[in-house]
Amino acid sequence: MSSKRPKVMGVVNVTPDSFSDGGRFLDEAAAVSHARRLIAEGADLLDLGGESTRPGSDPVSEADEIARVVPVIAAVRRDSAIPISVDTMKPAVARAAVAAGADIWNDVTALRGAPDALATAAELGCGVVLMHMQGEPRTMQDAPRYGDVVAEVADFLAERAGAAMAAGVARDRITLDPGIGFGKTLAHNLALLAGLDRIVALGFPVLLGVSRKRFVRELDPTAVEAGDRLGGSLAAALAGARAGVAMVRVHDVRETVQALTVWSAIDRS
Ligand code: HH2
């Protein structure tokens, strides 16, 4: 058990608004103002992404992804020192993001997405988040299968941390993430949330992404819209805090900071 509250990473999506005809400027302006709002709400870090990893979502070209995220990173960096992470599977996007001021490469493929991913991470010298995913985003929810899901995810993350270090990524730059919802059924997600201490025991900081995810709706079928899932998201974040995760990736920053602050005050008293 740990009473130090996990850091709160606020999610900023930089994806085009299909209802706006104002083009890129509006997307950019909306993302920058969202980032500023999350900073004001108490985010400890920001995670910026220009490509959705949702099951069935369309891939985005390298050039488009760079054009989406780089101006937003640069704008946030101009008026804030907050650590910025870029959520991308592409080494070229990570490189452009770090050049614009990002500090961390959050890669849902755990640096398996491109042949030069490991070498690029080592060269950039940035922090890396290595996440577990079974399969690939488009098909990962078709038929996920595991023997012991916690053991398999822990073994995978230990192997990827080893690969990153062998490629030259410093040990203290690595964060691990069990990848809730990425190629996992409800039972797999719950087993991982109950067994998070075994991932924490690997000895790296752990990031947990549970915010607004589908497992909440699977437990509460009335939570149809992502915005209906705050209660379940907070419950899962608190389970992570109890297990000693270092960071939670969330959409609802203010509410999560409050929940974790109250939890840690109780835990310390
Ligand atoms: N989850 C999503 C995207 N990136 N990165 C890490 N490290 N861990 C996660 O759990 C994670 C992630 C899923 O995001 P989704 O619900 O598809 O959308 P959003 O980007 O709004 O969170």
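Please refer to the structure placed before this passage.
These notes cover the structure that comes with them. (Residues numbered from 1 in each chain as written. Predicted model: local features only at pLDDT ≥ 70, side-chain atom pairs only at ≥ 80, totals over all residues. Heavy atoms only, no water.)

What the rule picks out here adds up to 14 salt bridges. With a shortest N-O distance of 2.8 Å, aspartate 103 and arginine 77 are connected by a salt bridge. Of this pair, aspartate 103 sits in the loop between helix 3 (91-100) and strand 4 (104-107) while arginine 77 sits in helix 2 (residues 62-79), and the two are 26 residues apart along the sequence. The partly exposed category is assigned to arginine 77, whose relative accessible area is 23%. Close ionic contact of glutamate 218 with arginine 214 constitutes a salt bridge, the shortest N to O distance being 3.7 Å. With glutamate 218 and arginine 214 both in helix 8 (residues 214-219) and four residues apart, this pair spans about one turn of that helix. Residue class for arginine 214 comes out partly exposed when judged on its relative accessible area of 44%. (Salt bridge = Lys/Arg side-chain N within 4 Å of Asp/Glu carboxyl O. Helix = DSSP H or I, 4+ residues; strand = E, 2+ residues; numbered from the N terminus. Buried < 20%, exposed > 50% of the residue type's maximum accessible area, 1.4 Å probe, protein only.)

Before going further, it helps to examine the site of the ligand. Looking at the ligand, there are 16 residues lining it, with Asp87, Asn106, Asp177, Lys213 and Arg249 nearest. Side-chain polar atom of asparagine 13 to an oxygen atom of the ligand: 2.9 Å apart, as the coordinates give it. Contacts to the ligand include aspartate 87, whose side-chain N or O atom sits 2.8 Å from a nitrogen atom. Compared with its free state, where it exposes 480 Å², the ligand has 92% of that area covered by protein. If you list the elements that add at least two residues to the shell around the ligand, you get strand 1 (7-13), strand 5 (127-131) and strand 7 (207-209). (Near = heavy atom within 4 Å. Polar contact = N/O pair within 3.5 Å; in protein donor to acceptor, adjacent residues only side chain to side chain. Areas by Shrake-Rupley, 256 points an atom, 1.4 Å probe, with all protein chains shown as cover.)

Tallying each qualifying case throughout the model produces zero aromatic pairs. The ring of phenylalanine 204 has arginine 171 lying over it, and the distance from NZ or CZ to the ring centre is 4.2 Å. (Phe/Tyr/Trp six-rings, centres within 6.5 Å; stacked < 30°, edge-to-face > 60°. Lys NZ or Arg CZ within 6 Å of the ring centre and 35° of its normal.)

Okay, the side chain of asparagine 189 next. Here asparagine 189 lies in helix 6 (residues 186-194). Relative accessible area serves as the criterion here: at 2%, asparagine 189 is assigned to the buried category. What asparagine 189 contacts, discounting residues up to four positions off in sequence, is Ile180, Gly181, Lys184 and Phe215. (Contact = heavy atoms within 4.5 Å.)

So, about the nonpolar core. Grouped together as the largest cluster of nonpolar side chains are 64 residues, with contacts concentrated most on Ile73 and Ile174. Counting residues per element, this core draws most heavily on helix 5 (residues 149-167), at eight residues. Not counting the four nearest positions on each side in its chain, isoleucine 174 is found in contact with Val128, Leu130, Ala161, Ala164, Met165, Val169, Phe204 and Pro205. (Core = buried A, V, L, I, M, F, W, Y, C linked by side-chain atoms within 4.5 Å.)

Unusually for a residue other than glycine, alanine 110 sits at a positive phi of about 55°. Judged by its relative accessible area of 1%, alanine 110 is buried.

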